[in-house]
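Below are the chains, spelled out letter by letter.
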Amino acid sequence: MVHRSDEKPAADITISGRVTDATTNEALAGCSVVLKGSQKGTTTDANGDYKIVVPDGKATLVFGFIGFVSQEVPVGNRTIVNVSLKSSASELDQVVVIGYGTTTKKDVTGSLKTIKSTDFNRGIMNSPEQLLQGKVAGVNVTSASGEPGGTQNITIRGPGGVRTGSTPLFVLDGIALDNSSTGGATNPLNFLNPQDIESIDVLKDASATAIYGARGANGVVLITTKKGKAGATNLTISSNVGISTMARPIGLFSADEYKQQVAAIGGVVDDQKASTDWQREISRTAITQNHNLSFGGGTDRLTYYGSVGVQDQQGILKNSNLKRYTGRFNASQKFLENRLLLDVNMTASQTVNERPPIEGIIGAALSANPTYPARDANGNPARYQAFTNPLLALDLNKDLTTINRVVASVSPSFSITKDLVYKLNLGVDNSSSTRDQQSYASTVPQQDGRLDATYLNNRNVLIENYFTYTKTSGDHNLTALLGHSYQKFTIQGRNWSINKFPVSPIEPANNPGLGQDLTLANNRPGGYAIINELQSFFSRVNYAYKDRYLFTATVRADGSSKFGANNKYGVFPSFSGGWRLSEEGFLKSGPFSDLKLRAGWGQTGNQEIPSKITQALFTSNVSASTSYPLDASTNYPAGTTYTRLANPDIQWEVSTQTDLGLDFGLFRGALTGSVDYFHKTSGKILLEVIPSDPIQPASTYWTNVPNMTITNQGLELDLNYRYAATSGFRFDIGGNITFIKNVVNNSPYTVITSGSASGPGLTSATVNGYVNGQPIGTFFLREYLGVDDKGVNRFSDIDGDGIGGTDKDRIAAGSALPTRQFNLNFSTAYKGFDLTANFNGVSGNKLYDNTTNALFYKARLVKGLNGPVESIGEPTESINNPAPVSTRFLRDGAFFRLNNLSLGYNLNPRALGMNRWISNIRLSATGQNLFVITKYKGYDPEVNIDRTVNGISSYGIDYLSYPKARSFVFGLNLTF
C-alpha cells in the first residue's frame, strides 16, 4: 500500500478508567495495565484509577493483579474502560511457605500462620520480630529493653531447653541463619530492612517444623523478601521521620520532696540549692529518619527487585544511636524454554551502633541528689567528689560497634520432567564486626584511659540439593520431597586492650600507641575459633485425596559436629493429617465455608549447645594446686589438669510434640479462625552436672540427664472478622489468645540458677531458675513477711530450724513466663483513609525489680541518695535495714499495651495533576507505645535484662534497663 505524503498518522488516544474487585467492588491499587504487544504500561493508583496512552482503537489492554484472573480488553472506540477482576483464588488457595516448598492454606496439616507485609506492625522497626509482635497465637515477643536495635526475645509455644534459650530458627529466603552474635550488644537480625520483607511464616508444631529437624525444636520463622513482578516497572520512594520521648520516667522525689523525706527519717540533708531532674538530663527527644527506595518489574522470563535503605535512629538516652545502611537485589530468570529457573538474592548491610554506659548513667540518674546542679557556671558538666555526674559518664565513655553483613544465594531449579524438579541452593551469610570500648582519662572523677578492641568474623555456608515430585491423577494429589543439606559455621573472635592513656583530646581508638600499660596481667590478648558442621538428609510426602483427606509425613536425619562420636546423628520424624469436613456432602450446604480438623505428632531436635563439650579439655598453669617442686625449692613447674572430661555419648535434646487443631470459616469466609491444643515435651536435656563420685579429675561434666523433662502445653484461639461494603468501606477486627503452662520435672538439682541479681551487695545472688514441678524462670526467693519490732526484715522459716531467711528457706514464688498472652488487631478503610490499631498483653507472670532492690530502700535514702516513694519503706523500718534478694521486690508483670496506632491517607494523583508521573501518594501518621496498663512502676513491664548464669538464659529480671520510648512517626510514600 502506498501512502500519500499528505496523510496524517492516527492520533494517540488517552484511555482512563478504574479497576475493582468483582466480588467486593473495592478498588485494586497497584494493578498493572499494559498495552498488549509492548512494554508500555502503568499501574492503578490508590483509588484504582489509571490513565494510559494507546496508538489507536485497535489496541488491547491487559489488566493483571496478583490473586486475580487477568483480563484482555480491546479499546475500540472508547476512552473510558472500567474493569472488574475476578479473584483467581479464595483465601484458602493462598500460597504459604512451609520450608523447601510451598502449599495452599487449605492443604496445610500443621500449625502455622502467615503474616503479610500489609498486616505488619508499623512505626520504628529494627528487626522482623517486631513486625509480628501480637500477630500470632502462641508467639511471645519481648523487647529486652528500649535501646535502638536492642535484643528481642521471642518464644514459640514456650521455651523448651536449659542452656539453649528459646530463639526459633530464622530462615531468610531459604537460608537458615545462625542465631549466634554477629558482634556488639544488639540483635543479630538488625541487618535486615523490614521494608524489604514481603511475608513472615511462623511454623509452630513439630509436624510443620520437623523438616528442619535438629534446629526446629523452638519453632521456625520463614522470612520471604519482596520479589519483582512481571508487567509494568515501578519505583517507590518512602521517607518517614519519628519523634521519640521517654514513655514512663520513674517517679523520683523532686528536690523539695527529697529534702523533706531525708530530714523526716533522720538523715543529713546536703542541699546544693538546685532542682535537677537527672532522668531528663541524661535523656532527650530523639529523632529517627528512615528513607527507602525500591524498584522492580520484569517480563514473563525475567523479574527483578532492588532496594536501598538508610535508617538513622537516635535513642532516647544521650549518646545512643543506631545507623543502618542496606542494599538488596534479587532477580529470577527463565532459560531453556522455561525449564531452568535461576534465582539470585543478595542483601548487604552495615549497622553502626553507639552505646552509652547504660547501667552506669541510669543508676546515677536514679540515685543522684536532685539538689546538685547538673552543669557548672560555664555550662559544662559539673564535677563532684561525692558522686560521678552521669553527664560526665556520658562524656568519658564510648562504645562503638560496626557490623558489615552480606547474605547471598544462588538457587537454580531444573524441570527434569513436568512432574520432577531438581533444585540447588547455595547460600553464604558472612558478617564481620569491630567493637571499640573506650574510657577517656580523667582526673575528677579519677579514671584511667583504656581501650578494649574486639573483632568478630561469622561465616555460614549452606549447600542443599533436593528433588520435588508432583503428581495429580483424578482425585489423588501427591507431592514428594527428597534432599540433602550441608551447613558449615565458622566463628572467630579476637580481642586486645591497652590501659593508662593520658588525659588527651585524642580518642584511644585513634592512637592506641598513647597507652602506657601493655602488661599481660592487665591486657592479655585473647581469641577463639569455632567450626561447627551440620549434614542432613530429609524427605517429605504430602498426599491429598478428593481435596479433603490430607496426609503429611516428614523425616530428617541430622548429623552435627557438636556431638560425640557415638551419637552424631539424630532422626526426627513427624506425621500429620487433615480432614476438610466442609467438602463433605453432608456439610456442603451448611454454614461453613471452611471446616478442617488437623492432628499432628512429631519430634525435633536441639543442638544449640557449646561447641567441643564432648571432648576433653585440659589447662596448664603454675600453681601449688597443679604440680609440686621437683627439688627442695619452692619453684613449681607448670602442671596440667582436667577441666572437662570427654563424653562421646552426648546426643541431641529431643522435643516431642502433639497438636490437635480446627480451622473454620463462616459467613462466606467473613469470619475465620482456628483452635489449637498443643503438648510439647523436651527430653534428654543437656546439662553440666556434678559427678556422683566426688573423686574425679574434673569438678563437672556434660551429659544428657536421662529423666529430666520440660513440658509446654496449652490452647490457642485465633479469630478474625472481615467486612466490606459496596461503598468501599471495610473493616477487619481480629485477635488471638494463648493459654500456656510450662513445667520442669526430674531435675537433678534443687534449683538450676538461670538469673542472678546485680548491685551493691547483691551480685550473683540467685533470683530465678529451674525448679522441679515449677515453670522455667521460677523465682526462687526468701519469702518476705515485713519488718519486726526492731524494724528489721522478717522471712519465712520454711525448714523449721528457727532461722528464717536462709537459702534452705527459699520458695517457688511464681514464674517470669506468662500463662496467658492476648492480642487484638483492628483496621478500617474508606475513601482513601485507613486506620489500624494493634494491642498486645500478657498476664500470669512475675517480674523481679532488681532496680528497686539495689537502689530504692531506706538505708540508701538516709545516706542522701534519691529514689521514689518505695525508698521510704515501711513506717517502722529501721534506717539500717538491709535489702537482700527476696519476694519484697517481686512484682506482677501483667500488662496491656496499645502497641501502635496508624492513620493513613492515599491522595489521588490525578486530582493533583501528577498522574502522568506518580501512580500513588500516601501520607501516614503512626503512634507507637501510646499507653500501657500495668501495675509495674519501673520503666516498662516488658523487660528481660540479661542476667545469664553459666550460659543458662535468664527471665523476667529488670535492672537499670534502657527505658522504652513513646514515638510518633510521620511518613510519605510515592510510587512512580
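Novice: Help me get a handle on the overall build of the chain, residues and values and all.
Specialist: Broken down by element type, the chain carries 9 helices and 51 strands. Relative to a compact globule of 976 residues, whose C-alpha radius of gyration would be 30 Å, the chain shows 31 Å and is just as compact. If one aligns the C-alpha atoms of the chain with their principal axes, the spans along those axes are about 115 × 70 × 60 Å. By sequence separation, contacts in the chain at least 24 residues apart represent 69% of the contacts at least 6 residues apart. Of the roughly 42,400 Å² of accessible surface on the chain, 56% is carried by carbon and sulfur atoms.

Novice: Run through the pattern of salt bridges, naming residues and quoting values.
Specialist: Taken as a whole and assessed by the stated rule, the structure comprises 40 salt bridges. The closest approach of N and O atoms between Asp849 and Arg891, which form a salt bridge, is 3.9 Å. Residue Asp849 is located in strand S46 (residues 846-849), and its partner Arg891 is located in strand S47 (residues 890-892); the two are separated by 42 residues in the primary sequence. A single network of salt bridges, built from pairs that share partners, joins Arg157, Lys204, Lys596, Arg598, Asp659, Asp663, Asp676 and Glu716.

Novice: Outline empty space enclosed by the protein, listing residues and values.
Specialist: In the structure shown here, the tally under the stated rule is 8 cavities of 30 Å³ or more. Quantified by volume, the largest cavity comes out at close to 460 Å³. The wall of the largest cavity is formed by 29 residues, among which Ile124, Gln130, Ser143, Gln928 and Lys964 lie closest to the centre. Contributions of two or more residues to the lining of the largest cavity are made by strand S19 (302-314), strand S48 (895-907), strand S49 (920-934) and strand S51 (965-975).

Novice: If you had to explain the environment of Asn179 to someone new, which residues and values would you point to?
Specialist: Here Asn179 lies in the loop between strand S14 (175-176) and strand S15 (197-203). By relative accessible area, which is 28% here, Asn179 ends up partly exposed. Along the backbone, Asn179 and Leu189 are 10 residues apart, and their C-alpha atoms lie at a distance of 8.7 Å. Contact partners of Asn179, with chain neighbours within four places excluded, come to Thr167, Pro168, Phe170 and Pro188.

Novice: Residue-level account of helix H3 (residues 255-264), with values.
Specialist: All of the buried residues along H3 are Ala255, Tyr258, Gln261 and Val262. Take H3 and look down its axis: the buried residues cluster within an arc of 130 degrees, on one side only. Every exposed residue of H3 that faces more than 90 degrees away from the buried side is listed here: Asp256, Gln260 and Ala264. In this structure, the buried side of H3 is in contact with helix H9 (858-861). Count one or two residues on from H3 and you reach Gly266, which has phi positive near 90 degrees.

Novice: Mind laying out the sheet that holds strand S3 (residues 41-43), listing which residues take part and the relevant values?
Specialist: One open sheet holds the 4 strands; their spatial order is S3-S2-S5-S6, and the pairing between them is antiparallel. Looking at strand neighbours, the two that pair on one side only are S3 and strand S6 (71-74), the edges of this open sheet. With direction set aside, neighbouring strand axes in the sheet form an average angle of 20 degrees. Inspection of the sheet shows strand S2 (residues 32-35) paired to strand S5 (residues 60-64) by 4 bridges, in the antiparallel sense. Following the sheet pairing, Leu35 is matched in S5 by Leu61.

Novice: Give a description of the nonpolar core that names residues and reports values.
Specialist: Ranked by internal contacts, the top residues of the largest apolar core, which has 60 residues, are Val162, Ile362, Leu366, Met708, Tyr770 and Tyr848. At the level of elements, helix H4 (278-282), helix H5 (358-367), helix H6 (390-396), strand S34 (685-689), strand S39 (766-770), strand S40 (778-781), strand S43 (811-815) and helix H8 (850-855) are the ones that each hand at least two residues to this core. Val141, Leu172, Ile175 and Ile223 belong to the second largest nonpolar core, which has 23 residues in total.

Novice: I'd like a rundown of a nonpolar patch on the surface, residues and numbers included.
Specialist: On the surface, a cluster of nonpolar side chains totalling about 830 Å² of accessible area is made up of Leu235, Ile237, Leu293, Phe295, Val308, Phe329, Leu912, Met914, Trp917 and Phe976. Listed by contribution, the elements that provide at least two residues to the nonpolar patch are strand S17 (231-246) and strand S18 (286-298). Along the chain, Phe295 falls in strand S18. Overall, the relative accessible area of 32% leaves Phe295 in the partly exposed class.

Novice: Help me get a handle on the side chain of Asp517, residues and values and all.
Specialist: With respect to the helices and strands, the residue Asp517 is situated in the loop between strand S25 (476-501) and helix H7 (520-523). Here Asp517 sits buried without a salt bridge, and the closest side chain of opposite charge, Lys500, lies 5.5 Å off (N-O distance). Separated by 2.8 Å, the side chains of Asp517 and Thr519 make a polar contact. Residue contacts for Asp517: discarding those within four places in its chain leaves Ile498, Asn499, Lys500, Asn522 and Asn523.

Novice: Could you give an account of H5, naming the residues involved and the relevant values?
Specialist: It helps to recall that an α-helix has 3.6 residues per turn; residues three or four apart then point in one direction. Across the 10 residues that make up H5, a large majority, 8, are buried. Looking only at H5, the buried set comprises Ile358, Ile361, Ile362, Gly363, Ala364, Ala365, Leu366 and Ser367.

Novice: Explain the packing of aromatic side chains to me, and be specific about the residues and the numbers.
Specialist: Overall, the coordinates contain 25 aromatic pairs when judged by the stated rule. On the numbers, 5.6 Å between centres and 75 degrees between planes, the contact of Tyr50 with Phe63 is edge-to-face. Of this pair, Tyr50 sits in strand S4 (residues 49-54) while Phe63 sits in strand S5, and the two are 13 residues apart along the sequence. Take Tyr50 and Phe63: they sit in the same class, and that class is buried. Through pairs of rings, three or more aromatic residues link up here, namely Tyr721, Tyr723, Phe729, Phe731 and Tyr830.

Rules of the game
Residues numbered from 1 in each chain as written. Predicted model: local features only at pLDDT ≥ 70, side-chain atom pairs only at ≥ 80, totals over all residues. Heavy atoms only, no water. Helix = DSSP H or I, 4+ residues; strand = E, 2+ residues; numbered from the N terminus. Rg over C-alpha atoms; globule rule 2.2 N^0.38 Å. Contact = heavy atoms within 4.5 Å. Areas by Shrake-Rupley, 256 points an atom, 1.4 Å probe, with all protein chains shown as cover. Salt bridge = Lys/Arg side-chain N within 4 Å of Asp/Glu carboxyl O. 1 Å grid on protein atoms, 1.4 Å probe; cavity = no way out; pocket = protein on both sides within 12 Å on 5 of 7 lines; lining within 4 Å. Points joined across faces, edges and corners; volume = space filled by probe spheres on them. Buried < 20%, exposed > 50% of the residue type's maximum accessible area, 1.4 Å probe, protein only. Arc of directions from axis to C-beta. Pairing = 2+ DSSP bridges. Axes fitted to C-alpha atoms, helices over the stretch in contact; angles between N-to-C directions. Core = buried A, V, L, I, M, F, W, Y, C linked by side-chain atoms within 4.5 Å. Patch = residues over 30% accessible without salt bridge, like charges linked within 9 Å, V, L, I, M, F, W, Y side chains within 5 Å. Lys, Arg positive; Asp, Glu negative; His and termini not counted. Polar contact = N/O pair within 3.5 Å; in protein donor to acceptor, adjacent residues only side chain to side chain. Phe/Tyr/Trp six-rings, centres within 6.5 Å; stacked < 30°, edge-to-face > 60°.

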